[in-house]
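# Coordinates in review
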Amino acid sequence: MTVRKIADCRETPSVMNCTLTITGEENEVVRAAAEHAVSVHGHEDSEDLREMIRGSLKDERSSTATG
């Protein structure tokens, strides 16, 4: 099973206090987070932006984990 990734806007300081969280497979999350960064936060879509997003992703914790 592929580990899902999370991009959470709350972890990146912004004037907007954005609370969006995006979860999915890594490539999906990077693409969606880049689109969000461009359309909502005014960033320019670039490979640097996507690499920054990729580097900030966290693994999703399974809600079915025991322990």
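This structure is a prediction, so every number in the text was calculated from the model and none was measured.

### Some details on the side chain of K5
Relative to the helices and strands, K5 is located in strand β1 (residues 5–8). Separated by 2.4 Å, the side chains of K5 and D59 make a polar contact. Aside from chain neighbours lying at most four places away, what touches K5 is I22, T23, G24, E26, V29, L57, K58 and D59.

### Focus on the nonpolar core
By size, the foremost hydrophobic cluster in this structure holds 10 residues: A7, I22, V29, V30, A33, A34, A37, L49, I53 and L57. Those elements that place two or more of their residues in this core are α1 (26–39) and α2 (47–56). The biggest single contributor to this core is α1, with five residues. When neighbours within four sequence positions are excluded, L49 is seen to be in contact with A34, A37, V38, H43 and E44.

### Side note on the side chain of D8
Inspection of the secondary structure assignment puts D8 in strand β1. The class for D8 is buried, based on a relative accessible area of 16%. A polar contact is formed between the side chain of D8 and the side chain of R10, at a distance of 2.6 Å. Beyond its immediate chain neighbours, meaning those up to four positions away, D8 contacts L20 and T21.

Basis of the calculations
Residues numbered from 1 in each chain as written. Predicted model: local features only at pLDDT ≥ 70, side-chain atom pairs only at ≥ 80, totals over all residues. Heavy atoms only, no water. Helix = DSSP H or I, 4+ residues; strand = E, 2+ residues; numbered from the N terminus. Polar contact = N/O pair within 3.5 Å; in protein donor to acceptor, adjacent residues only side chain to side chain. Contact = heavy atoms within 4.5 Å. Core = buried A, V, L, I, M, F, W, Y, C linked by side-chain atoms within 4.5 Å. Buried < 20%, exposed > 50% of the residue type's maximum accessible area, 1.4 Å probe, protein only.

Note that every value here comes from positions in space, so none of it alone points to a role or purpose.
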